[in-house]
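Overview (structure and organization)
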Amino acid sequence: GQSSYVAGDNIAGAYRATRYLLELGHRDLVFLGGRDQSLTRVQRSEGFRRALAEAGLTGREYAMPQDQADNSRQWTYEATLALFRQDRPPDAVLAFSDIVALRVMEAAEACGIRVPRDLSLVGYDNVSYAAIPRIHLTTVSQHKFQQGRIAVERLLCQIQGARRPTADLLQPELVVRSTCAPRTQGGRTL
């Protein structure tokens, strides 16, 4: 039979984050990281594309090849360096996860790119260190604690005889900290 699940809505979360970057005036957006075939990445990519399509734009995406999975830290860092060394570095990066966003910050620092002055950056997951002052990453929160609580409630109902499978898709929330800024041209806000 069907099984019950509780999940964060990856499409909605990435859509919301992308809309936020567009509202700040960014137009050249990159979605970076995540394993090529992973369902989570595919869903976040869909939200990213949907928001851009509504604005009449297309973004750039860089997914990690499957064979790099053991090497994800290095792959992410090098992919970001390559991105920043292009003729046209992006205005903004939506990172597949907060861990990817940290690598992006490292690569930006190595290239003399300042976040958020030169590059706006959004992570995904709201891991505990995203709130550390020096990092202070804007990110999408999946409400992991809430997901766990709902899963337990559903399980208890099933133990008590509820037969209908349940699907709880929790709406993620954008946690705005300080890694995004309005797009500027020559030091002035557009």
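Everything discussed here concerns the structure shown above.
Residues numbered from 1 in each chain as written. Predicted model: local features only at pLDDT ≥ 70, side-chain atom pairs only at ≥ 80, totals over all residues. Heavy atoms only, no water.

Below, the discussion takes up the overall build of the protein. Helices and strands together make up the secondary structure of the protein, namely 5 helices and 10 strands. Taking all 190 residues of the protein together, the buried fraction comes to 42%. When contacts within the protein are restricted to residue pairs at least 6 apart in sequence, those whose partners lie at least 24 apart make up 76%. (Helix = DSSP H or I, 4+ residues; strand = E, 2+ residues; numbered from the N terminus. Buried < 20%, exposed > 50% of the residue type's maximum accessible area, 1.4 Å probe, protein only. Contact = heavy atoms within 4.5 Å.)

Time to look at a nonpolar patch on the surface. On the surface, a nonpolar cluster with roughly 400 Å² of combined accessible area is contributed by Val152, Leu155, Leu156 and Ile159. As for its position among the elements, Val152 is in helix 5 (residues 144-159). (Patch = residues over 30% accessible without salt bridge, like charges linked within 9 Å, V, L, I, M, F, W, Y side chains within 5 Å. Areas by Shrake-Rupley, 256 points an atom, 1.4 Å probe, with all protein chains shown as cover. Salt bridge = Lys/Arg side-chain N within 4 Å of Asp/Glu carboxyl O.)

In this model, the largest pocket occupies a volume close to 300 Å³. Around the largest pocket sit 13 residues that line it, and Met105, Glu106, Glu109, Val115 and Arg134 are the ones nearest its centre. Within the lining of the largest pocket, the residues separate by chemical class into 7 nonpolar, 2 polar and 4 charged. (1 Å grid on protein atoms, 1.4 Å probe; cavity = no way out; pocket = protein on both sides within 12 Å on 5 of 7 lines; lining within 4 Å. Points joined across faces, edges and corners; volume = space filled by probe spheres on them. Nonpolar A, V, L, I, M, F, W, Y, C, P; charged D, E, K, R; others polar.)

Another aspect to go through is the nonpolar core. Residues Leu32, Val93, Val104 and Leu121 are the most contacted members of the largest nonpolar core, which totals 42 residues. Elements that contribute at least two residues to this core include exactly helix 1 (10-23), strand 2 (29-35), helix 2 (39-54), helix 3 (72-84), strand 4 (92-95), helix 4 (98-110) and strand 5 (120-125). For this core, the element with the most residues is helix 4, which contributes 7 residues. What Leu32 contacts, discounting residues up to four positions off in sequence, is Tyr62, Thr76, Ala79, Thr80, Leu83, Val93, Leu94, Ala95, Phe96, Val100 and Val104. (Core = buried A, V, L, I, M, F, W, Y, C linked by side-chain atoms within 4.5 Å.)

In the structure shown here, the tally under the stated rule is 12 salt bridges. The partner of Asp28 in a salt bridge is Arg60, with the nearest N and O atoms 2.8 Å apart. Here the residue Asp28 occupies a position in the loop between helix 1 and strand 2, and Arg60 occupies one in strand 3 (residues 60-64), the gap between them amounting to 32 residues. Residue Asp28 is classed as buried on the basis of its relative accessible area of 10%. The class for Arg60 is buried, based on a relative accessible area of 16%. Where Arg41 meets Glu61, a salt bridge forms, and the shortest distance between an N and an O atom there is 3.5 Å. Separated by 20 residues along the polypeptide, Arg41 in helix 2 and Glu61 in strand 3 bring together distant segments of the chain. Overall, Arg41 belongs to the buried group, its relative accessible area being 8%. Residue Glu61 is classed as partly exposed on the basis of its relative accessible area, which comes to 25%. Through salt bridges with shared partners, one network takes in Arg19, Glu23 and Glu54.

This next bit is on the packing of aromatic side chains. The description of an aromatic ring pair rests on the distance of the ring centres and on the angle between the ring planes. By the definition in use, this model includes 1 aromatic pair. On the basis of an interplanar angle of 35 degrees and a centroid distance of 5.6 Å, the ring pair of Phe31 and Phe48 is categorised as tilted. On the criterion of sequence distance, the pair formed by Phe31 in strand 2 and Phe48 in helix 2 is long-range, its members being 17 residues apart. Each member of the pair Phe31 and Phe48 is classed as buried. The cationic tip of Arg44 hangs over the ring face of Phe96; the distance from NZ or CZ to the ring centre is 5.0 Å. (Phe/Tyr/Trp six-rings, centres within 6.5 Å; stacked < 30°, edge-to-face > 60°. Lys NZ or Arg CZ within 6 Å of the ring centre and 35° of its normal.)

With that out of the way, let us pick up unusual backbone geometry. What is expected of a backbone is that most residues other than glycine have negative phi and most peptide bonds are trans. Across the junction of Val115 and Pro116, the peptide omega takes the value 5 degrees, indicating a cis bond. Here Pro116 is to be found in the loop between helix 4 and strand 5. Its identity as a non-glycine residue notwithstanding, Asp125 has a phi of 125 degrees, on the positive side. Residue position: Asp125 is located in strand 5.

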